[in-house]
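# Structural overview for review
Here's the letter readout for the chains.
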Amino acid sequence: MAASTSLLSHWDIPAEPTLPPRSLDETIERCIEDFGWVQMFQAILVSLAWFFDAQQIFISVFTDAEPSWHCTDDSVCNSFSNICQLPKNSWAWDWPAHTSIISDWGLECSTSFITGLPASSFFFGCLVGGLGLATLADSTLGRKNMLLFSCLMMSLSSIFTVFSPNIWIYSALKFINGFGRATVGTCALVLSTELVGKRWRGQAGVIGFFCFTLGFLSLPVMAYVNIGSSWRTLYLWISVPTILYCILVHFLVHESPRWLFVKGRKEEAVTTLKSMAPTATAFTMSFSNILVEQESWNDNIYSSIWILLNKQWAARRLSALMVTAFGIGMVYYGMPLALGNLSVNLYLGVTLNALSELPASLITFFLIGKINRKDSLLGFTILSGICSVLCVVMGRIWPSLQIAMELISFFNTCGAFNMSLIYTLELFPTCVRNSAISMVRQALVLGGAFSPLLVAAGRKNNLITFGVFGIAIGFCGLPLIGLPETRGGTICDTMDEEEYKQNEKAAAAANLA
C-alpha cells in the first residue's frame, strides 16, 4: 500500500498558514508550466544525445557497404559477371580497399550471415543492453547518470572499433557498442519531457527527433567528405565529439525533479525546480504540503519491470506497444540498410531518407497537441506497410517510382517511430516510465536486429526485403486498437495514481451510460 509522505524544505516560510495538500504533478506544473530559456537549454542539451545515437545506428550503411568494382581484363570479365567466379587479377575495386570492411577484409564472397553479422550484433547488443540497463534510470542511477553512462560507453566502444583486426572482433565491439547506447534515446526522451510542463511535453520530446534526424543527415555528409578514406576514420569522426558531449552533460544537465521527488530526494528536487522556474512563482511557493505517493514495491532495480508485467492494464498496454514497435523497428532500421539493393546512388538514397525524417518530425512537433496519438500511430503503420509492398510492385513494372514508394514508406515509419515513443511516455506513470519506454525501444531494436539478415538475403530479390517489411509493420500496428487515447491527459507519478485515474474514467463512463 502506498503511503503519503509530506516533504519539507528549508525554503518554507514558517509563518505560512496550513494549506491543503497538493499533488506532485500540480506543484511541478505551477513551477515550470511556462517554457523559459533554462528549460529550453536543458531540453536541447539533453536531446543532443539523439544526434550521436543516430550516427552510431546508421554508420554501418557506409562502413559495411558492398563496394562497386570494375573489370581489368575484358576477355574473362564483364559487368554482369559473378565476382566470386572471376580470377582475382581480372577485376578491381573502384575505391581503395580500406573504404569498407567488405573489401578491407576480403568478404565479397562471404555468406549473408557473415556480412550481416556486425549490424545484427549491434542490434542484439542494443537488445541485451536495454533489458539489462532499462530499469537503472527508474531505480538507482536516475535519468541524468544513466544518460551519461550510456553516451560514454557508446563513444569509448566506438573508438576501440577503429582498431578491429577482423570481422569477428569488429562484430564483438559492435555488440558492446549497441549494449552501451541501448538506453540513450530512452533517457534523453524521458528526461527532456520531465524537465518541462505538460503544455510543452510533446514539443520537448520532438526536439530529440529533430536531433536524431540531423545526426542521420550528418552521416552522408561525413562519408562524402571522407570518400576514399578508411572506414575507421568515420568511427573517429562520430566518437570523439560524443566524449565532449558527455562532459557537458555532467556539468550542465539537471536531474529530473519528478524522479528526485519520487525517490525522496526532496532538497535536490526543490533546488532543481527553483533553478529552472521561468518566473518567481517557485521562489514564493511552499513545498511543505506536497503529497508524494511512495511506491512500496519499488525496492530493487527490476521491480519496475515486475510491476509492469503483473498489473493487468500495464501488461496489456506494454504488450500491444511492443508488438507495434517490433514492426516499426524492422522497417525503420532496415530500410536505410536496404538502399544498396535498389538502383539508386547510396549517398543520394541515404540523404533522401534522412531528409524524409524532417517533415515527419515537423508534423509531430506542430500537430502533437491537436492529433490523437493512437489513431495517428495506427494510420502511420498501415500507410507504411502499403507503400513498402508497392515498392516491390513498382520495382517490377515501373522502376523509376520504386524510390518514391520507399521514401513515402520510410516517412510514415518515421512518423510512427516518433509517435510510438510520445504515446508510451504518456501511457505510463513516472515510477515506471523509463522502464516502459526502454521495453518498447527494445522491441524496436529486436525488429531492427532481423533487418540486416533480411537485407543481405534480399539483394537478389526485393520481395524478401520490402515485402516482409510491409507485412510486418502493417499487421503489427493492429494491437493498438484496444488502447486508450492520451492526448491532453495528465501525467501520473505512481501506479496507484494511474489506477485511480482509470477508475474515475470508468465510473464517469458508467454514469453516462
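Located above this text is the structure these notes cover.
The sections below set out a description of the structure shown in this document. Within any chain, residue numbers begin from 1 and follow the written order of that chain's sequence. Confidence filtering applies because this is a predicted model: local features only for residues at pLDDT of at least 70, side-chain atom pairs given and counted only at 80 or more, and all residues used for totals across whole chains, interfaces and linings. The side-chain quantities take in all heavy atoms of the structure and omit both hydrogens and water.

We now examine the overall build of the protein. Along the protein, the regular secondary structure elements total 23 helices and 5 strands. The buried label applies to any residue whose accessible area, calculated with a 1.4 Å probe on protein chains only, is under 20% of its type's maximum; exposed applies above 50%, and partly exposed to all values in between. In the protein, which comprises 513 residues, the proportion classed as buried is 57%. Two residues qualify as a contact provided that any one of their heavy atoms is within 4.5 Å of a heavy atom in the partner residue. Intrachain contacts of the protein at a sequence separation of at least 6 include 83% that bridge at least 24 residues. Residue exposure ignores everything except the shown protein chains as possible cover, and the areas themselves are Shrake-Rupley values with a 1.4 Å probe. Carbon and sulfur atoms form 68% of the exposed surface of the protein, whose accessible area is close to 20,400 Å². We count a stretch as a helix when DSSP gives it H or I for four or more residues in a row; a strand needs E for two or more, and each element gets its number in order from the N terminus.

Turning next to the packing of aromatic side chains. Pairs of aromatic rings are described using the distance from one ring centre to the other and the angle between the two planes. Geometry of aromatic contacts follows a simple scheme: Phe, Tyr and Trp rings, the Trp one being its six-membered ring, pair when their centres are within 6.5 Å, and the pair is stacked under 30 degrees between planes, edge-to-face over 60, tilted otherwise. This model, assessed by the stated rule, comprises 29 aromatic pairs. Between the aromatic rings of Phe216 and Phe410, the centroid separation amounts to 6.4 Å while the plane-to-plane angle is 75°, which identifies the pairing as edge-to-face. One end of the pair, Phe216, is in helix α11 (residues 201-225); the other, Phe410, is in helix α20 (residues 402-427), and 194 residues separate them in sequence. With respect to class, Phe216 is no different from Phe410; both count as buried. Of the aromatic side chains, those joined through ring pairs into one cluster are Trp50, Phe58, Phe122, Phe123, Phe209, Phe212, Phe216, Tyr332, Tyr333, Phe410 and Phe417.

Structurally, Phe163 is set in the loop between α8 (142-161) and α9 (167-181). Phe163 sits in the exposed class, given a relative accessible area of 62%. On a C-alpha basis, the gap between Phe163 and Leu173 in space is 10.0 Å, while along the polypeptide they are 10 residues apart.

This brings us to the environment of Leu173. Structurally, Leu173 is set in helix α9. Along the primary structure Leu173 and Thr161 are separated by 12 residues, whereas in three dimensions their C-alpha atoms are 5.9 Å apart. Apart from the residues lying within four places of it in its own chain, the contact partners of Leu173 are Ser157, Phe160, Thr161 and Ser164.

Time to look at the state of the cysteines. We call a pair of cysteine sulfur atoms a disulfide when they lie within 2.5 Å. Counted under the stated rule, the structure contains 1 disulfide. Each sulfur in the disulfide pair Cys84 and Cys109 lies 2.1 Å from the other. With the S-S bond torsion at -120°, the cross-link from Cys84 to Cys109 turns out left-handed. Placement of Cys84 in the loop between β3 (69-71) and β4 (91-93) and of Cys109 in the loop between α5 (101-104) and α6 (112-133) is noted, with a sequence separation of 25 residues between them. Cys84 sits in the partly exposed class, given a relative accessible area of 38%. With relative accessibility at 45%, the residue Cys109 sits in the partly exposed group.

Take α9 next. Helix span is expected to be 1.5 Å times the residue number reduced by one. With 15 residues, α9 extends 21 Å between its outermost C-alpha atoms, agreeing within 8% with the 21 Å of an ideal straight helix rising 1.5 Å per residue. Of all the residues in α9, the buried ones are Ile167, Tyr170, Ser171, Leu173, Lys174, Asn177, Gly178, Gly180 and Arg181. Any pair of nitrogen or oxygen atoms within 3.5 Å is treated as a polar contact; in protein, a donor-acceptor pairing is required on top of that, and neighbouring residues in sequence qualify only through side-chain atoms on both sides. For α9, the side-chain oxygen to backbone nitrogen distance between the N-cap and Trp168 is 3.1 Å, and the N-cap itself is Asn166.

Another aspect to go through is the nonpolar core. Ranked by internal contacts, the top residues of the largest apolar core, which has 117 residues, are Trp50, Phe58, Leu147, Phe428 and Phe469. Discounting chain neighbours no more than four positions away, the residues touching Trp50 are Gly185, Ala188, Leu189, Gly208, Phe209, Cys211, Phe212, Phe417, Leu421 and Arg441. Core analysis: the second largest hydrophobic core is formed by 6 residues, Leu260, Ala269, Val270 and Leu273 among them. To qualify as a nonpolar core, a set must consist of buried Ala, Val, Leu, Ile, Met, Phe, Trp, Tyr and Cys residues joined through side-chain atoms within 4.5 Å.

Attention shifts here to helix α21 (residues 430-457). Helix length check: α21, at 28 residues, gives a terminal C-alpha distance of 42 Å against a target of 40 Å (1.5 Å per residue), a fit within 8%. The buried count for α21 comes to 24 of 28 residues, which makes it a mostly enclosed element.

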